[in-house]
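One letter stands for each residue in the lines below.
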Amino acid sequence: MLKLHVNGRDWSYDGDPEIPLLWVLRDEFGLTGTKFGCGAGLCGACTVHVDGEAQRACTMQVSDAEGHAIVTIEGLDSKGEHPVQKAWRQLNVPQCGYCQAGQIMQAAAFLAKTPNPTRDDIHGAMSGNICRCGCYERIEAAIHLASTGV
Amino acid sequence: MGFVDNKHLSSAVMQPDQVSPDQGRRSFLQGVLAAGGCILAVDLLPARAGAAPAAVIKTGADAMSVFKTGADAMPHGTVNNPHVFITIDPSGKVTIIAARVEMGTGAARTSLPLIIADEMEADWNHVVIRQGHGDETYFGNQDTDGSRSVRHFFMPMRQTGAAMRAMLVAAAARRWNVPASEVRAENHQVLHAASGRKLSYGDLAGDVAKMPVPAAETLTLKQPEEFRYIGKGRIGMVDLFDITTGRAPYGIDTRLPGMKYAVIARPPVVGGKLVSFDATEALKVPGVEKVLEVQGWPWPSKFQPVGGVAVIARNTGAAIKGREALKITWDDGPNATYDSEAYRKEITATAQKPGLVVRNDGDADAAFAKAARVITADYYLPHLAHVSMEPPCATAVVADGKCEVWAPVQSPGNTFEELVKTLGLPPEAVKVNVTLLGGGFGRKSKCDFVLEAALIARDVKAPVKLVWTRDDDIRHDFYHTVSAEHLEAAIDAGGKVVGWRHRSVAPPIGSTFAAGVTHEIPIELGMGFVDLPYDIANIRCENGEAQAHTRIGWFRSVSNIPHGFAVQSFSAELAHALGRDPKDFLLDLIGPARIVDPRATAEKFWNYGEPFETYPIDTGRLRHVVELVAEKAGWGRKLPQGHGLGIAVHRSFVSYIATVVEVAVDARGNLSVPRVDTAIDCGAFVNPERIRSQIEGAAVMGLSLAKYGALTFKNGRAEQANFDDFPVIRIDEAPQVTHTHIVDSGYNVPPSGVGEPGVPPFAPALCNAIFAATGKRLRQMPIGDQLAI
Ligand code: FES
Ligand code: FES
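Counting starts from 1 at the beginning of each chain's written sequence and moves along it residue by residue. Written order determines the labels here, with chains lettered from A and ligands numbered from 1. Given that the model is predicted, a residue must reach a pLDDT of at least 70 before its local features are reported, and side-chain atom pairs must reach 80 or more before they are shown or counted; all residues, however, enter totals for whole chains, interfaces and linings. Side-chain figures throughout are based on the complete set of non-hydrogen atoms in the structure, without hydrogens or water.

**Digging into the overall build of chain B**
- In this text, helices come from DSSP runs of H or I with a minimum length of four residues, and strands from runs of E with a minimum of two, each type numbered from the N-terminal end. Helix and strand content of chain B: 20 helices and 29 strands.
- The C-alpha radius of gyration computed for chain B amounts to 27 Å, which stays within 12% of the reference 28 Å derived for 789 residues, consistent with globular compactness.
- Principal-axis analysis of the C-alpha atoms gives chain B an extent of 80 × 75 × 45 Å.
- For chain B, the proportion of its 789 residues judged to be buried stands at 65%.
- The contact criterion used is simple: two residues touch if any of their non-hydrogen atoms lie within 4.5 Å. A separation threshold of at least 6 residues defines the contact pool for chain B, and within that pool the share at least 24 residues apart is 79%.
- Here the open area of atoms and residues is found with the Shrake-Rupley method and a 1.4 Å probe, where only the protein chains shown may cover a residue. Of the roughly 26,200 Å² that chain B leaves accessible, carbon and sulfur atoms contribute 51%.
- The positive count covers Lys and Arg only, the negative count covers Asp and Glu only, and His and the chain ends enter neither. Positions of charges follow a simple convention, taking NZ of Lys, CZ of Arg, CG of Asp or CD of Glu. Within chain B, the 87 negative side-chain charges are centred at a point lying 2 Å from the centre of the 81 positive side-chain charges. C-alpha atoms define the radius of gyration, and 2.2 Å times the number of residues to the power 0.38 defines the globule rule. Only protein chains enter the accessibility calculation, which uses a 1.4 Å probe; a residue whose area is less than 20% of its type maximum is buried, one above 50% is exposed, and one in between is partly exposed.

This is the structure in structure tokens:
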């Protein structure tokens, strides 16, 4: 039995400890905000915070998550009012929206460490997150907006 | 779980800590108001004076009163009954049903409901959106494809809203016992000016709930200056709050009590089949509960499953692990030798020979025989995979002689019909619930993945969620066609183009539906090929045969991609050969403002399913977007070393779009795109802010396909499997800025497509810019390392 700490709460999981954290969050805990995009660390759709760092839940074995504080998009801000979320809404960033939870989690972890990013900083931090709809220009603008106060 | 009673709403599914849609939206609206109300300023431009479009459209008081669209020819047409789309609650809450499918354009769940809200004078703050389930006999056509949503439903949605407004007015007039003419509806209230009396929409909810609907001819539609929401672009997407908090329910997020999770191992070659399998090791994987065969249909399998072996488990991770442990023997079938490199040579050779003549103006042979000069070029564009970020997936329950599914499908009506057929159930026993789509791009018009889920659920006797992994998606797609395009121009002594020959060779979409279809079907021919809008006396379009060896499907903008790339690259090549400015030469090729009617010379001319009278090919509008984008992009401006500008124009989905790309190519041949300008004339529009987002997205997708897009085959097998070998553009390579210039034609011009038309002009504009920057002409896509030094 694994004990996980997700969004400030304790959860337990009694299945295969070797499968990716992603599927435990989504299928076992019902935290479906974290998305599946590639299963190989290539797209960022599954990004969560592990002790404050952005991590890909699809390449992290669930047993490795034990003992760490996991935060998913559902737990980023109880009211959905994190500056990154607000900036995303103000600039109407999403199209289909599917990639956006991962984008927001990546951006939030990045801004926590780099409060005043340059364009190159943003590109460096966000280039692991794919948006097939092509919302990149607005993602970049929203990160700037979040960093300067929404 | 029970089958949900409400026949017409998509059934809710379990969502952890789900906020209701109205709570979510209210929060968003508060956010917008706090932010000053206006989300984005959009560059709107007047239509060119004198470019009189679509003469059939009435103007003035009758503006937009009636124009015929292709909607009537679509299965189940359109519906304009307010009782189908609108419910008013005594609290004043107005529920509007979104019957079409939302995949990111904003059309289905924001723009169409906004039209209803505007015409009925509802306050958007008190509107909630519910998703209708798949039932075209009730809602009208739901096939969300072909950039048709606003084009076909603008008028029916206006009539729906106007009818409800008339009913509210009639109800209040009856209560007050005054003539309806003294009563008006405004912002969620009905007012009687003479007496100062008011009733809220909520007060009248019971009165209108069962009221007969007035005939469409008796309705007074709003004048455009009365629009509250249409054309303004001030309303955010309905699902924005839920998207940013992870609560928006996509197909992959469906959860049902007792649900199992499944993945399928499919034949690696399309047309192949299962010989045998050994599940011993797979069943030892913790969490794996069952392994079973999934029925496959013979090639060509239309939208039916290709078959394979399903692994059912307690979660998707266990199912994937179980699948890796399967031992399977396949028979590769008739496509086992498909090799895309050999095929490239084959179709390129075919394009050198005369093909079936599909358009013939004047006498091209004579023009070429007499030409002072003949210029020729060949272009090649490979297969593409759609790779929507949400892969195909579906959840199904089949029990007690009933089937209910939850799925991200672009075509709920077709999905419904296919489920009825495949499961052999009566129609009333099947329900298709539509979720949000995490991207579609044409892939999710094909319901194979839903049928798979239903077949598995039937055998497992429990709710089942089927997920396609990314490699499933890339290896088993309905691919965008591969194409060889051969162009010839006959030039006279004065440097004028007097003859044009275009041969297109591409395995057609028709091959997915019937064996032996080797010629492009009318919808493909009509996409930038036989509808060539150029002012050239002698034009011949020919289509060579191409046998498909994989499943061909439509991909955002479809055959406009290869046709547009070839025609617009070749136009710039001709300009260069003749020493002309590419933009001026393009305008000369288009010629004066007029209506081009290919019906006389292209037997099977298809106009995106639209009546030609409503949506003619208007070169005035085509010229205008070229002139507009050139002006806005600063065509001819001085550029830094290594930069170049390229231009392309294309009419598709009956919209007119021109793009100027600025490219920068560094000393090592790395390209970047500092700026894109796109001018779009899509007639009357509803949501300029979402038009802008579609054009921005189209530039990114255009750059993806130009730079990287190649799906190749060896031994019948797709050679790519994930984003490492099938890359798409990421943020650090995306166009730095895309300026969208929307032609504001007012509401006398019928609306036309937006979702797809931004894609076709991008790649040729980019390659024309690369030529301007480097002198290198790229005729084979993708660009890959062709610029590397
Ligand atoms: S799903 Fe984890 S990086 Fe793509
Ligand atoms: S918004 Fe659709 S994938 Fe990013």
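**A word on the overall build of chain A**
- Secondary structure assignment for chain A yields five helices and five strands.
- Along chain A, helices and strands appear, N-terminal first, in the series β-β-α-β-β-β-α-α-α-α.
- For a compact globule of 150 residues, the expected C-alpha radius of gyration is about 15 Å, and chain A comes in at 15 Å, within 12% of that figure.
- Taken over the C-alpha atoms alone, chain A extends approximately 45 × 25 × 25 Å along its principal axes.
- Every one of the 150 residues in chain A was classed for burial, and the buried ones make up 63%.

**Focus: helix H10 (residues 340-350) of chain B**
Residue and element names in this part refer to chain B.
- Residues Ser340, Tyr343, Arg344, Ile347 and Thr350 constitute the buried set of H10. Axial view of H10: buried residues confined to an arc of 130°, hence all on one face.
- On its buried face, H10 sits against strand E14 (373-381), strand E19 (483-491), strand E20 (497-505) and strand E27 (713-714). The arc in question is the one traced by the directions running from the helix axis out to the C-beta atoms.

**Quick word on the interface of chain B and chain A**
- On the chain A side, the residues contacting the 70 residues of chain B number 55 residues.
- Summed over both sides, the interface between chain B and chain A buries roughly 5,200 Å², with carbon and sulfur atoms accounting for 56% of that surface.
- Salt bridges are defined as contacts in which a side-chain nitrogen from Lys or Arg sits within 4 Å of a carboxyl oxygen from Asp or Glu. Between chain B and chain A we count eight salt bridges in total.
- A salt bridge links arginine 138 of chain A to glutamate 696 of chain B; the nearest nitrogen and oxygen atoms lie 2.8 Å apart. A 1.4 Å probe defines the accessible area here, and the buried area is the portion of it lost by two parts on being joined, summed over both.

**Digging into the domain arrangement of chain A**
All names here are of chain A.
- Segmentation of the chain into domains, including their bounds, is taken from an automatic or database domain assignment. By domain assignment, chain A separates into domain 1 (2-76) and domain 2 (83-147).
- Look at where the C-alpha atoms of domain 1 and domain 2 centre, and you get two points 20 Å apart.
- On the side of domain 2, 13 residues touch domain 1, which itself brings 18 residues to the contact.
- With both chains or domains summed, domain 1 and domain 2 bury close to 1,300 Å², and 58% of this area falls on carbon and sulfur atoms.

**Focus: the packing of helix H3 (residues 100-113) of chain A against helix H5 (residues 136-148) of chain A**
Residue and element names in this part refer to chain A.
- Axis lines are fitted through C-alpha atoms, for helices just across the contact stretch, and the angle between N-to-C directions can take any value from 0 to 180 degrees. H5 packs onto H3 with a crossing angle of 40° between their chain directions and a minimal axis gap of 11 Å. It follows from the interaxial angle that H3 and H5 lie oblique. Relative to H5, H3 is oriented so that their crossing is right-handed. Where H3 abuts H5, its residues Gln100, Gln103, Ala107, Phe110 and Leu111 lie against Ile139, Ile143, Ala146 and Ser147.
- Looking at the contact of H3 with H5, its residues break down into six nonpolar, three polar and no charged. Oblique is the label for any angle not covered by the other classes, which are roughly parallel (under 35 degrees), roughly antiparallel (over 145) and roughly perpendicular (65 to 115). In this scheme, a crossing is called left-handed if the near helix is turned counterclockwise away from the far one by less than a right angle; it is called right-handed if the turn is clockwise. Any residue that is not Ala, Val, Leu, Ile, Met, Phe, Trp, Tyr, Cys, Pro, Asp, Glu, Lys or Arg is counted as polar, Gly included; the first ten are nonpolar and the last four charged.

**Focus: the pattern of salt bridges**
Residue and element names in this part refer to chain B.
- Here the structure, examined in full by the defined rule, presents 58 salt bridges over all chains.
- A salt bridge links arginine 501 to glutamate 542; the nearest nitrogen and oxygen atoms lie 3.2 Å apart. Of this pair, arginine 501 sits in strand E20 while glutamate 542 is found in strand E21 (residues 538-543), placing the two residues 41 residues apart along the sequence.
- A salt bridge links aspartate 584 to lysine 583; its shortest N-O distance comes to 3.2 Å.
- On the basis of relative accessibility, which here comes to 18%, the residue lysine 583 falls in the buried class.
- A cluster of three or more residues bridged by salt bridges with shared partners is formed by Asp365, Glu488, Arg501, Arg503, Arg540 and Glu542.

**Considerations on the pairing of strand E29 (residues 738-744) of chain B**
Residue and element names in this part refer to chain B.
- E29 sits mainly inside the fold: five of its seven residues count as buried.
- Note on pairing: two strands pair once DSSP finds at least 2 bridges between them. Bridging between strand E26 (residues 671-681) and E29 involves five bridges; their strand directions are parallel. Paired with aspartate 677 across the strands is histidine 739, a residue of E29.

**A few points about the sheet that holds strand E7 (residues 197-200) of chain B**
All names here are of chain B.
- Here we have three strands laid out as an open sheet, ordered E5-E6-E7, and antiparallel in their pairing. Each end of this open sheet is capped by a strand with a single partner; those strands are strand E5 (183-186) and E7. Recorded for the sheet is a direction-independent mean angle of 25° between the axes of neighbouring strands.
- Relative to E7, strand E6 (residues 189-192) is paired through four bridges, and the arrangement is antiparallel.

**Quick look at the packing of aromatic side chains**
All names here are of chain B.
- What counts as a ring pair is set by centres within 6.5 Å for rings of Phe, Tyr and Trp (its six-membered ring), and what kind of pair is set by the plane angle: stacked under 30 degrees, edge-to-face over 60, tilted for all other angles. As enumerated under the stated definition, the model contains 20 aromatic pairs over all chains in all.
- Residues tryptophan 124 and tyrosine 229 carry aromatic rings whose centres are separated by 6.2 Å and whose planes lie at 55° to one another, so their mutual orientation is tilted. Highlighted residues: tryptophan 124 in the loop between helix H3 (107-119) and strand E4 (127-131) and tyrosine 229 in the loop between helix H6 (205-209) and helix H7 (240-244), separated in sequence by 105 residues.
- A ring pair is formed by tryptophan 500 and phenylalanine 570, whose centres lie 5.5 Å apart and whose planes are at 65°; its orientation type is edge-to-face. Linking tryptophan 500 in strand E20 with phenylalanine 570 in helix H16 (residues 560-577), this pair joins segments that are 70 residues apart in sequence.
- Relative accessible area serves as the criterion here: at 0%, phenylalanine 570 is assigned to the buried category.
- Counting every residue linked through ring pairs, the aromatic cluster contains Phe303, Phe478, Phe513 and Trp554.

**A few points about the sheet that holds strand E13 (residues 356-361) of chain B**
Residues and elements named next belong to chain B.
- Ordered by their spatial adjacency, five strands build an open sheet running E13-E21-E20-E19-E14, and the pairing between neighbours is mixed. Pairing within the sheet leaves two strands with one partner each, and these edge strands are E13 and E14. Looking at each pair of strands side by side, their axes are set apart by 10° on average, direction ignored.
- Packing against the sheet, H16 makes contact with E14, E19 and E20, and its axis sits at approximately 145° to E14.

**Observations concerning the side chain of glutamate 696 of chain B**
- Residue position: glutamate 696 of chain B is located in helix H19 (residues 688-707).
- Looking at glutamate 696 of chain B, its side chain comes within polar contact range of the side chain of arginine 138 of chain A, at 2.8 Å.
- In this structure, glutamate 696 of chain B is in contact with Gly134, Glu137 and Arg138 of chain A together with Thr738 of chain B, ignoring residues within four places of it in sequence. Polar contacts, as counted here, are pairs of nitrogen or oxygen atoms within 3.5 Å of one another; within protein the pair requires one atom able to donate a hydrogen and one able to accept it, and residues that are adjacent in sequence qualify only if both atoms are side-chain atoms.

**Brief notes about the side chain of asparagine 335 of chain B**
Residues and elements named next belong to chain B.
- With respect to the element layout, asparagine 335 can be found in the loop between strand E12 (327-331) and H10.
- Among the polar contacts listed, one links the side chain of asparagine 335 to the backbone oxygen of valine 270, at a separation of 2.9 Å.
- Leave out the neighbours within four places in its chain, and asparagine 335 touches Val269, Val270, Gly271, Trp299, Ala548, His549 and Gly716.

**A word on the packing of H3 of chain B against helix H5 (residues 149-176) of chain B**
All names here are of chain B.
- In contact at an axis separation of 7 Å, H3 and H5 are set at 35° when each is read in the N-to-C sense. The way H3 lies across H5 gives a crossing that is right-handed. For the pair formed by H3 and H5, the contact residues are Ala107, Ser111, Leu112, Ile115, Ile116 and Glu119 on the first element and Ser149, Val150, Phe153, Phe154, Met157, Arg158, Thr160, Gly161, Ala162 and Arg165 on the second.
- Residues that form the contact of H3 with H5 fall into these classes: nine nonpolar, four polar and three charged.

**Concerning the nonpolar core**
- Each nonpolar core is a collection of buried residues, namely Ala, Val, Leu, Ile, Met, Phe, Trp, Tyr and Cys, held together in the definition by side-chain atoms within 4.5 Å. If you look at the biggest cluster of nonpolar residues, it comprises 185 residues, and the most contacted ones within it are Leu21 of chain A together with Trp500, Leu766 and Ile783 of chain B.
- Beyond its immediate chain neighbours, meaning those up to four positions away, leucine 766 of chain B contacts Val661, Val663, Val673, Leu703, Ala706 and Ile783 of chain B.
- Among the nonpolar cores identified, the runner-up in size contains 52 residues, and Ala117, Phe154, Ala172 and Val238 of chain B belong to it.

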